[in-house]
Amino acid sequence: ETGVTQTPRHLVMGMTNKKSLKCEQHLGHNAMYWYKQSAKKPLELMFVYNFKEQTENNSVPSRFSPECPNSSHLFLHLHTLQPEDSALYLCASTETEINTEAFFGQGTRLTVV
Amino acid sequence: QKEVEQDPGPLSVPEGAIVSLNCTYSNSAFQYFMWYRQYSRKGPELLMYTYSSGNKEDGRFTAQVDKSSKYISLFIRDSQPSDSATYLCAMSAGGSTLGRLYFGRGTQLTVWP
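A quick note: this is a predicted structure, and the numbers were derived from the prediction, not measured.

Engineer: Mind laying out the sheet that holds strand β8 (residues 71-76) of chain B, listing which residues take part and the relevant values?
Structural biologist: Sheet strands associate in pairs through backbone hydrogen bonding, adopting either a parallel or an antiparallel arrangement. Residues and elements named next belong to chain B. Ordered in space as β1-β3-β8-β7-β6, the 5 strands form an open sheet in which the pairing is antiparallel. At either end of the open sheet lies a strand with only one pairing partner, and these are β1 (4-6) and β6 (54-58). For this sheet, the mean inter-axis angle between neighbouring strands, taken without regard to orientation, is 15 degrees. Here strand β7 (residues 61-66) runs beside β8; their pairing, made up of 6 bridges, is antiparallel. Residue pairing in the sheet places T62 in a bridge with F75 of β8.

Rendered as structure tokens:
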């Protein structure tokens, strides 16, 4: 285990549903990230939080809404998603946002029907 | 324009073979270069980390960076079936954006006994 836990591991949701993905890290890190991994595409950075403050939103549609209540927890709230949003959503953490050694969770496999 | 290009494979080699994995990139600001390994149904884990140009060796793994050609490589000697995974190259420009990683698509490797 890497110390980064994501729940749920799998999620199937309709386009009108609202759901949330959760990430928790037990490493004492201060920066957390959401990445999207689609088939045949590179991992794509979505959001960066450093010491609970959002420092990057990589032009992500507003149907994805992140929340970082503290340095150990990160959420991704989902609403009115599209089928093309189906992907593996990975959470990662680093000591701070000026560190490169990222520790990833196992991801949430999201299917939008 | 894709920032990081990586041949997705798949690559299939016999046990004991030398494996060469490569990425090219276009952004000359990249200074930090990483290789991640991702097993099926798992998140990526950091395998090798290199700063600027040069070689780095760790056991059976050697990472090479040629910044003048914007080309990085990962060599695996004496490959084992346990090396079967997807290998992702990742890069960062450093400074305040050090934690923001740009990934290649990943190369799927199978090592057969």
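Engineer: Give a detailed account of the pairing of β7 of chain B, specifying residues and quantitative values.
Structural biologist: Residue and element names in this part refer to chain B. Of the pairings in the sheet, the one linking β6 to β7 comprises 5 bridges and is antiparallel in character. Of the residues in β7, the one forming a bridge with N55 is Q64. The hairpin turn running from β6 into β7, its antiparallel successor, is 2 residues long, and G59 in that turn takes a positive phi close to 65 degrees. Hairpin connection of β7 to β8: 4 residues between the antiparallel strands, including K70 at a positive phi of 55 degrees.

Engineer: Describe the interface of chain A and chain B, naming the residues involved and giving the relevant values.
Structural biologist: Frequently, the measure chosen for interface size is the accessible area that the parts lose on association. With 23 residues of chain A at the contact, the number on the chain B side is 22 residues. Interface of chain A and chain B: buried area, both sides summed, is about 1800 Å²; carbon and sulfur atoms make up 55% of it. Area buried by chain A at its contact with chain B is led by P42, T100 and F104 of chain A, which between them contribute 30% of it. At the surface where chain A touches chain B, the tally comes to 1 salt bridge. Notably, a salt bridge pairs R100 of chain B with E56 of chain A, separated by 2.4 Å at the nearest N-O pair.

Conventions used here
Residues numbered from 1 in each chain as written. Chains lettered and ligands numbered in written order. Predicted model: local features only at pLDDT ≥ 70, side-chain atom pairs only at ≥ 80, totals over all residues. Heavy atoms only, no water. Pairing = 2+ DSSP bridges. Helix = DSSP H or I, 4+ residues; strand = E, 2+ residues; numbered from the N terminus. Axes fitted to C-alpha atoms, helices over the stretch in contact; angles between N-to-C directions. Contact = heavy atoms within 4.5 Å. Buried area = accessible area lost by both parts, 1.4 Å probe. Salt bridge = Lys/Arg side-chain N within 4 Å of Asp/Glu carboxyl O.

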